[in-house]
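# Commentary on secondary and tertiary structure
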Amino acid sequence: MSATVETVHVALPGREYDIRIGEGLLARAGAEIGPLLRRPRVAILTDETVAALHLAAFRAGLGDIEAPALALPAGEATKCWAQFGRAVEWLIEQKVERRDIVVALGGGVIGDLAGFAAAVLRRGVRFVQVPTTLLAQVDSSVGGKTGINSPQGKNLIGAFHQPSLVLADTGVLGTLAPRDFLAGYGEVVKYGLLGDAAFFEWLEAQGPALAAGDVAARIAAVKRSCEAKARIVERDETEQGDRALLNLGHTFGHALEAATGYSDRLLHGEGVAIGCALAFELSARMGLCAQEDPSRVRAHLDAMGMKKDLADIPGDLPDADGLIALMAQDKKVQDGRLRFILARGIGEAFVTADVDPALVSSILAEALAAR
Ligand code: GLY
């Protein structure tokens, strides 16, 4: 076990917390979580896949802390009213009190659902995120967005509820399938592209080692990503402005996810990566960034063995108008206008609604024709 544990502090007044990042944190769970507890007891929400892999190690790490657990089915379909209700009722049955702590042990689905359950249980109890995927460690476990899906769209029901602690054990990333790891890496690349050109350059050099399992590179990438997110969330917790930058690649990505039925034809992080490439393409065509920038984004995704174009998505896709219609259902629509995250260069993203729909349509039509 490496002794290195990094800490990123999220300085939200009255709701501040640490993100602890390093190898072997599950084994130290009792020492990390214990100081937050008023009695030696937590209630764990997890999924069946993560429970089989990590629940025993996590409980062992908790030591004498009592830790009943509910394992929900793995997968996005769990972010629904039925499983949410089941989780909340189970927490009530477990007699979780107002001063107790709920633990979310899992990826983004469990983190979002458990965080929302904690937000509404007894009008709000504290919770700890123990993210077990790269995507959850660098994005969804940080910043307090919690919720579930509606049949009418993703993440339409939820609350802002900050965790009291995030324990990101980079050791568990070794159990991820390579495709899931790389999908999470799509969100890592996003941080470089939106606000940190030096980080993107570092990823161009270190990305392959990081994907191959280099522990120091993984810790450094998770830390830098969490720092970026923490600074944005501190400025704009409830997404009135700057937080929308975190949606770079998501306007296109969500439309592609919807077009592929949220299936394993396209994972969320893969949609984000392709979406980032399209956002840079759009920015270049609008004369906002250098013509070379979109190629540089695609070259890095390619070097990492990631999807980078619509041509990399298997199966049929709607035409350009169909994709634009799916974009229009996005939460980022404001006053009927779709907002895009564009860039003046690598590391220089900004939010705008000032985009010609005909240009978006022609970029999508070209990308579809190249399939
Ligand atoms: N995942 C985007 C956000 O947390 O704002």
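Just so it is clear, the model here is predicted, and its values are computed rather than measured. (Residues numbered from 1 in each chain as written. Predicted model: local features only at pLDDT ≥ 70, side-chain atom pairs only at ≥ 80, totals over all residues. Heavy atoms only, no water.)

## Quick notes on the side chain of E32
Using the following cut-off: Helix numbers and strand numbers start at the N terminus; a helix is a DSSP run of H or I with at least 4 residues, a strand a run of E with at least 2. Each polar contact in these results corresponds to two N or O atoms within 3.5 Å; when the atoms are within protein, one needs to be able to donate a hydrogen and the other to accept it, and residues that are neighboring in sequence are counted only if both atoms are side-chain atoms. Every residue pair with non-hydrogen atoms within 4.5 Å of one another is taken to be in contact.
Within the secondary structure, E32 is located in helix α1 (residues 29-33). One polar contact links E32 to R20, side chain to side chain, over a distance of 2.8 Å. Residue contacts for E32: discarding those within four places in its chain leaves R20, L25, L165 and L167.

## As for the packing of aromatic side chains
Aromatic ring pairs are defined here through the distance separating the ring centres and the angle between the ring planes. Condition: Aromatic contacts are taken between Phe, Tyr and Trp rings whose centres are within 6.5 Å, Trp giving its six-membered ring; a plane angle under 30 degrees counts as stacked, one over 60 as edge-to-face, and the others as tilted. Burial classes: relative accessible area under 20% of the type maximum marks a residue as buried, over 50% as exposed, and values in between as partly exposed (1.4 Å probe, protein chains only).
One pass over the full model with this rule turns up four aromatic pairs. Their ring planes at 70° and their centres at 6.1 Å tell us that W81 and F84 sit as a pair that is edge-to-face. Taken together, the residues span about one helical turn, with W81 and F84 both in helix α3 (residues 81-93) at a distance of three residues. Judged by relative accessible area, which is 7%, F84 ranks as buried. Seen from their ring centres, F199 and W202 are 5.9 Å apart, and the 25° between their planes marks the pair as stacked. A residue pair is termed a helical-turn pair when its members lie 3 or 4 positions apart in one helix, as F199 and W202 do in helix α7 (residues 197-212) at three residues. Members of the aromatic cluster, connected to one another through ring pairs, are W81, F84 and F116.

## As for the UniProt feature "domain: 3-dehydroquinate synthase N-terminal" (unreviewed entry) in the protein
What counts, and what does not: UniProt positions are given in the numbering used here, feature names are shortened, and annotations may be inferred rather than shown by experiment.
When the UniProt feature table is mapped onto this chain, "domain: 3-dehydroquinate synthase N-terminal" (unreviewed entry) is found at residues 71-181. End-to-end, the C-alpha atoms of residues 71-181 are 22 Å apart, and along that stretch the chain is 33% helix and 30% strand.

## Let's talk about the site of the ligand
Our working rule: Think of it this way: one heavy atom of a residue within 4 Å of a molecule or strand is enough to make that residue near it. Every accessible area reported is derived by Shrake-Rupley at a probe size of 1.4 Å, with residue values counting cover from the shown protein chains alone. Classes in brief: Ala, Val, Leu, Ile, Met, Phe, Trp, Tyr, Cys and Pro nonpolar; Asp, Glu, Lys and Arg charged; the others, Gly included, polar.
Within the structure, the ligand sits among D139, K145, K229, E239, R243 and L246. At a separation of 3.0 Å, a nitrogen atom of the ligand approaches a polar side-chain atom of D139. Separating an oxygen atom of the ligand from a side-chain N or O atom of K145 is a distance of 2.9 Å. Considering the ligand on its own, with 200 Å² of exposed area, one finds that the protein chains cover 88% of that surface. Along the lines of polarity and charge, the residues of the shell around the ligand split into one nonpolar, no polar and five charged.

## Here we look at the pattern of salt bridges
The cut-off we apply is this: Put simply, a salt bridge is a Lys or Arg side-chain nitrogen that is within 4 Å of an Asp or Glu carboxyl oxygen.
Applying the stated rule across the entire model yields 27 salt bridges. A salt bridge links E270 to K307, with the shortest nitrogen-to-oxygen separation between them at 3.4 Å. One end of the pair, E270, is in helix α10 (residues 268-285); the other, K307, is in the loop between α11 (292-303) and α12 (320-327), with 37 residues separating them in the sequence. On the basis of relative accessibility, which here comes to 17%, the residue K307 falls in the buried class. Across the salt bridge formed by E281 and R298, the nearest N and O atoms sit 3.1 Å from each other. With E281 in helix α10 and R298 in helix α11, this residue pair connects regions lying 17 residues apart in the sequence.

## What to know about the environment of R235
Here R235 is to be found in helix α8 (residues 215-235). There is a polar contact of 2.8 Å between the side chain of R235 and the side chain of D242.

## Concerning the sheet that holds strand β9 (residues 165-169)
For the record, the criterion: One bridge is not enough; two strands pair if DSSP finds at least two bridges between them. All axes are obtained by fitting lines to C-alpha atoms, using only the stretch in contact for helices, and the reported angles, taken between N-to-C directions, cover 0 to 180 degrees.
Spatial strand order, β1-β2-β9-β6-β5-β3-β4: seven strands in an open sheet with mixed pairing. The strands lining the two open edges of the sheet, one partner per strand, are β1 (5-10) and β4 (69-72). Each strand of the sheet is rotated relative to its neighbour by a mean of 15°, with strand direction disregarded. In this structure, strand β3 (residues 42-47) lies alongside β4, joined through four bridges in parallel fashion. Counted as the bridge partner of D47 is L72 from β4. Each of β3, β4 and β5 (101-106) is contacted by α3, which is oriented at about 170° to β4, the strand it contacts most. Here helix α4 (residues 108-120) sits on the sheet in contact with β3, β4, β5 and β6 (126-131), set at roughly 170° to β5.

## Observations concerning the UniProt feature "binding site: Zn(2+)" (unreviewed entry) in the protein
Listed under "binding site: Zn(2+)" (unreviewed entry) in the UniProt record, and renumbered for this structure, are E187, H250 and H268. Annotated residues spanning 82 residues; largest pairwise C-alpha distance 10.1 Å, indicating a single compact cluster. Examined against the element boundaries, E187 turns out to sit in helix α6 (residues 178-195). Classification of E187 as buried rests on a relative accessible area of 0%. Filtering out sequence-adjacent residues up to four positions away, E187 remains in contact with L135, V138, D139, H250, H268 and V272. A distance of 2.8 Å separates a polar atom in the side chain of E187 from a polar atom in the side chain of K190. The residues contacting H268, other than those within four sequence positions of it, are L135, K154, E187, H250, H254 and E257.

## A short note on the packing of helix α9 (residues 250-259) against α12
Helix packing geometry: the angle between the two helix axes and the distance between the axes. As a reminder, the rule being used: Under this scheme an angle from 65 to 115 degrees is roughly perpendicular, one under 35 degrees roughly parallel, and one over 145 degrees roughly antiparallel; angles in between are oblique.
Relative orientation of the contacting elements α9 and α12 amounts to 110°, with a least axis distance of 8 Å. For the element pair α9 / α12, the angle class is roughly perpendicular. Mapping the contact onto sequence places T251, F252, A255, L256, A258 and A259 in α9 and L323, L326 and M327 in α12. Classifying every residue of the contact of α9 with α12 gives eight nonpolar, one polar and no charged.

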